[in-house]
Every structure is written in structure tokens, then in C-alpha cells.
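Each chain, written out:
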Amino acid sequence: MRRPPFDLWQLLCVRTIAEHGSIHGAARFLNTRQSAVSRSLHNLEERLNVTLFVRSPAGVTPTTFGREFIRWTQTILDNVAGMNARARRTGKGENGQISIGIQTCVLPGRLSAFTAEFRATHPDIIFRYSEGTGKRLLRRLQRGQIDFAVVTRRTLVPALRVTPLWSDRIVAALPADHPLATQPEVSWADLRHETFLIGRDNAGQDFETLIQRKLGEPGSRPKIRRHDIGSNRIVALVQNKEGIALLPASWLPLIRDQHGHDVATMEIRDADGSSHLEFGIVWRADNENPCAQTFTRHLESHRP
């Protein structure tokens, strides 16, 4: 059998160099010698006969092909991590771990309250949490890197199972001195000329779909400005009068604590009443982690 063109250590070096912008920074992060990382990169480039990074005294910059190679590298390492995680979780017994990914628009602590009963009756099963966008969590779930994902209930892959959890009203966040801020509530028609600020983690896909459905008209599109930042920073942009934002109503206490009187939050109503985000917990039916299977049975017998 022919030797593969690269090994996992070389791929790890490439990803770490890209993340830190220098070979020196990558070596420090990997706790190894700079010469070892440099040699690994050199051998890989030589074997592939292509340059992945342009070196300079200030650090390294990926080439055009290098950027594409880095994306491939991330996918390969993610898949390997998923294989390793699934292998380690496979086994028998009443003690072990369950990994849950939580969409970052979920209010902190809300899921812990939901799992409190299970954790009390299964003290030897440990929950490990991570967070991310709904799209990324579903991708990790399909790869077997996590056992469950708590996400908004958008269109899901048929192979995934879902249990509804809760519903959250959608509210609008406006600058405190906005002309609409003095009203007890607003309609979607009131917001048709506003610029909507959408972040990466505040259910952006769901909000965009809702905005298009409520305000989209032939020949015109709602004004949507996307940012690669989280909900808290999106609210800060609202405070700076760069636009308005949509948020789950459960975030209102945090917004008031952090932004005080600089941001107003408004109910949005129309003929259909208030709009909502529907949340659910999602898993794969073929997950062989026995602890996850125990939790699945608990979910199915305790549907809200």
C-alpha cells in the first residue's frame, strides 16, 4: 500500500500555523520546538510540491491554494476527532459522558434546568457542553462528534430525531431614542424601513427567514446587515444606532442588566399575534453511546 501524502501531525501543524499566523506561535501552542513545526510544514510542501504559506519576518500568510488546503485540513481533523470520540464513548455501563451542543442563542442555564431531574437520578453520567451556531452543531451531530444538539427547530435531516423543548417569543431591540421606542408594541409594518442586524449566533437563519416572510415584497427586499459576531455585540451595535435586532424574549433580563436604558425592547405583533422561536433537542437514532441512549429514553418519556 502506498504511503499517504501527509499524516495527521502535519495537518495539525498546518491548522495551528493558520490559526496563530506564525510558525513560532504554532510551536508554542503545540508545546513543541519551532524547528519541528517548520520541518513538518517543509516536508509536507515538498511532498505535495506546492507552497501553502508565504513566509515573512512578520509571520506567515496562506497562499490561495493554502487557504483551500486549510479548509480541507479542518474537515479531516474534525472527522478524525468524531471517530475518536465515538470510539471512546462506545461501551457499556451506567457511568460515562453525554456531550450536548447548545445553540448560542439559548439563554444560559435554561438547559441545565431542563436536565436537572435526569442528572439527579443518574449522578454517574456527566454532561459535557459546547456551543455554536445551529448549522455547525447539526453538522457536528451528523459526524458523531456530539450526542445531542439544542437548536431552533428549523428543517432537520430526516435521519435526526427531535423532541420539542420550549417556545420563545421574538422581540425587537431598538435604540432608546428611536421614534418607535415609546410605543408599547410595534407591528412588522412599522419595521419595514429598518435595517436589521443579524449575528452569527442569534438564530440568524431563522430571523432572516422570518423577516423575508413578513416584509419581503415583489421588487423590494428588507434591509439586512450580517455580522460575524454574537448577540451581545449585536445589541451593542443597536445601542450605537446602527440598526435594530431581533432577539429571543428570554434574553430581556440580560439585555437590561448590560445595556440599561440605552436599548428599548419591543413586542412585535400582527394579525397572527407574536412570532416565536421553537427550540428542540436533536439526536441521531443510531448513536451507540449507552449513556446517550439512557438520556434518549428519558427525553421520550418526559416530553414537555
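Shown above is the structure to which this text applies.
This report concerns the structure included in the present document. (Residues numbered from 1 in each chain as written. Predicted model: local features only at pLDDT ≥ 70, side-chain atom pairs only at ≥ 80, totals over all residues. Heavy atoms only, no water.)

So, about unusual backbone geometry. The residue asparagine 31 is not glycine, and still its phi comes out positive at about 60°. With respect to the helices and strands, asparagine 31 occurs in the loop between α2 (23-30) and α3 (34-48). For lysine 241, which is not a glycine, the phi torsion comes out positive at approximately 70°. Tracing the backbone through its elements, the reader meets lysine 241 in the loop between α8 (231-239) and β10 (245-248). (Helix = DSSP H or I, 4+ residues; strand = E, 2+ residues; numbered from the N terminus.)

This part is about a nonpolar patch on the surface. A cluster of nonpolar residues, Leu8, Phe65, Trp72 and Ile76, forms a patch on the protein surface that exposes about 350 Å² of accessible area. Sort the elements by how many residues they give to the nonpolar patch and helix α4 (residues 64-89) lands first, with three residues. Relative to the assigned elements, isoleucine 76 resides in helix α4. Residue classification places isoleucine 76 among the partly exposed residues on the basis of a relative accessible area of 32%. (Patch = residues over 30% accessible without salt bridge, like charges linked within 9 Å, V, L, I, M, F, W, Y side chains within 5 Å. Areas by Shrake-Rupley, 256 points an atom, 1.4 Å probe, with all protein chains shown as cover. Salt bridge = Lys/Arg side-chain N within 4 Å of Asp/Glu carboxyl O. Buried < 20%, exposed > 50% of the residue type's maximum accessible area, 1.4 Å probe, protein only.)

This brings us to the packing of helix α1 (residues 8-20) against α3. Here α1 crosses α3 at 110°, and the two axes come no closer than 9 Å. Taken as axis vectors, α1 and α3 run roughly perpendicular relative to one another. The segment α1 lies against α3, with Trp9, Gln10, Cys13, Val14 and Ile17 engaging Val37, Ser40, Leu41, Asn43 and Leu44. Taken together, the residues of the contact of α1 with α3 sort by class into seven nonpolar, three polar and no charged. (Axes fitted to C-alpha atoms, helices over the stretch in contact; angles between N-to-C directions. Parallel < 35°, antiparallel > 145°, perpendicular 65-115°, else oblique. Contact = heavy atoms within 4.5 Å. Nonpolar A, V, L, I, M, F, W, Y, C, P; charged D, E, K, R; others polar.)

In this model, α3 (15 residues) spans 21 Å end to end at C-alpha, consistent with the 21 Å of a helix rising 1.5 Å per residue. Taken together, the buried positions of α3 are Ala36, Val37, Ser40, Leu41, Leu44 and Glu45. Each buried residue of α3 lies within a common arc of 165° when the element is viewed along its axis, so the set occupies one face. Backbone geometry just after α3 places asparagine 49 at a positive phi near 60°. (Expected span 1.5 Å × (residues − 1). Arc of directions from axis to C-beta.)

The complete set of buried residues in helix α6 (residues 134-142) reads Gly134, Leu137, Leu138, Arg140 and Leu141. Viewed along the axis of α6, the buried residues span an arc of 160°, placing them on a single side of the element. In this structure, the buried side of α6 is in contact with β3 (96-103), β4 (125-132), β5 (148-152), β6 (160-175) and β13 (276-284). Two residues or fewer after α6 comes glycine 144, characterised by a positive phi angle close to 80°.

Okay, the environment of glycine 25 next. With respect to the helices, strands and loops of the structure, glycine 25 is situated in helix α2. According to the relative accessible area criterion, glycine 25 is buried, its value standing at 14%. Sequence separation between glycine 25 and arginine 39 is 14 residues, and the spatial gap between their C-alpha atoms is 15 Å.

We now examine the pattern of salt bridges. What the rule picks out here adds up to seven salt bridges. When the shortest N-O distance is used, the salt bridge between glutamate 267 and arginine 169 registers 2.5 Å. You can see glutamate 267 sitting in strand β11 (residues 263-270) and its partner arginine 169 sitting in strand β6, a full 98 residues away along the chain. Judged by its relative accessible area of 31%, arginine 169 falls in the partly exposed class. Of the charged contacts in the structure, one is a salt bridge between aspartate 286 and arginine 284, with a shortest N-O distance of 2.9 Å. Its relative accessible area of 44% is what places aspartate 286 among the partly exposed residues.

Interpretation note: all reported values are geometric properties and have no functional meaning in isolation.
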